[in-house]
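Read off the chains here:
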Amino acid sequence: MKRKQIFALALMATAFATGCSKSNEQLPETIAKAEASEARAGVVISVPATIRVAAGKTFDGHNDIYKATSALGDGSQDEGQKPVFRLEKGAKLINVRIAFPGCDGVHCYGDNLISNVTWEDVGEDALTMKAGGNITIDNCRAYFATDKVFMLSSAGKFTLKNSTIKTFGKIMRQIGGDTKNTCEIIIDNCTFDITGQKPTCLVQSDSPTTTLRYRGIKTALASDKWWRFPNVGSQVKPF
Ligand code: CA
Ligand code: CA
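Right, let's walk through the structure included here.

Conventions used here
- Residues numbered from 1 in each chain as written.
- Chains lettered and ligands numbered in written order.
- Predicted model: local features only at pLDDT ≥ 70, side-chain atom pairs only at ≥ 80, totals over all residues.
- Heavy atoms only, no water.
- Helix = DSSP H or I, 4+ residues; strand = E, 2+ residues; numbered from the N terminus.
- Donors = N, O, S within 2.8 Å, 3.2 Å for Na, K, Ca; no water.
- Buried < 20%, exposed > 50% of the residue type's maximum accessible area, 1.4 Å probe, protein only.
- Polar contact = N/O pair within 3.5 Å; in protein donor to acceptor, adjacent residues only side chain to side chain.
- Contact = heavy atoms within 4.5 Å.
- Core = buried A, V, L, I, M, F, W, Y, C linked by side-chain atoms within 4.5 Å.

Section: unusual backbone geometry
Line of reasoning, step 1. Note that the residue after F100, namely P101, is joined by a cis bond; omega there is 15°.
Line of reasoning, step 2. Relative to the assigned elements, P101 resides in the loop between β5 (92-98) and β6 (106-108).
Line of reasoning, step 3. Its identity is not glycine, yet C103 carries a phi of approximately 50°, on the positive side.
Line of reasoning, step 4. Counting through the fold element by element, C103 comes out in the loop between β5 and β6.
Line of reasoning, step 5. A positive phi is found at D111, a non-glycine position, where the angle reads about 55°.
Line of reasoning, step 6. Note on placement: D111 falls in the loop between β6 and β7 (112-119).

Pasting the structure below:
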């Protein structure tokens, strides 16, 4: 090997090493962002107004990336931001990536399926159950929620399965002070990664009639901190 070739190889090796050390400085955020971007197959679509999915229809995003404009909000913890998607009764949302700022995420108006959706950077929250029926979240991922991920603002059945959530204050919250509505919550085969953070709990409800059944939860959070159901009557048990 000639001297010039050896010098060129040495330069390349130095550049590679420098690149590695830079990316390692920003763990774990960088890891989650990299994982989120790895699976990207689509294009970025700007969202200037809430996308409404009509009753009974399916919105297939084909893994495109939906990015709200400032008209919907800034992705902070401010209330009053608008959702990126609104699902009318029986609507389905599949194969969608929701990018920063996330705003008020997805609003569900009853009997909705959300499958293969990634919230790359949850805004005020990721999804709100606005009306009852069965809401199912299957094979989804959510990252960087400052506080809650899923908001239960009405009675209904809420199933979270085969999903992964990283960086959160809590996974689910039945609206604060709601002691009248009954939610039937199911958590099945989910990973809640708490690396580098201190979540308050996984699920919190004030309702004495809300129930929670769970199995296959993978998390490093101590199990006595999984639930906050302060009112007598609430039932939490494995299945
Ligand atoms: Ca909200
Ligand atoms: Ca966030």
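Considerations on the coordination of the calcium ion (ligand 2)
Line of reasoning, step 1. Surrounding the calcium ion (ligand 2) are the protein donor atoms D121 (OD), V122 (O) and F144 (O), which sit 2.3 to 2.4 Å from the metal.
Line of reasoning, step 2. Sequence spacing of the donor residues for the calcium ion (ligand 2), all on one chain, is D-V-x21-F. Of this pair, V122 sits in the loop between β7 and β8 (127-129) while F144 sits in the loop between β10 (141-143) and β11 (148-152); the two residues are 22 residues apart in sequence, bridging distant segments of the chain. Here the two residues V122 and F144 agree in accessibility, since each one is buried.

Describing the side chain of Q174
Line of reasoning, step 1. Mapped onto the secondary structure, Q174 falls in strand β14 (residues 170-174).
Line of reasoning, step 2. Polar contacts involving the side chain of Q174 include one to the side chain of S205, which spans 2.7 Å.
Line of reasoning, step 3. When residues no more than four places from it in sequence are discounted, the contact partners of Q174 are L152, N181, C183, Q204, S205, S207 and T210.

Structural notes on the nonpolar core
Line of reasoning, step 1. Grouped together as the largest cluster of nonpolar side chains are 52 residues, with contacts concentrated most on I114, W119 and F150.
Line of reasoning, step 2. Among the elements that line this core, the one with the most residues is strand β15 (residues 183-193), at five residues.
Line of reasoning, step 3. The residues touching W119, leaving out its near neighbours within four places in the chain, are I98, G105, V106, I114, A126, L127, C140, R141, A142, Y143 and F150.

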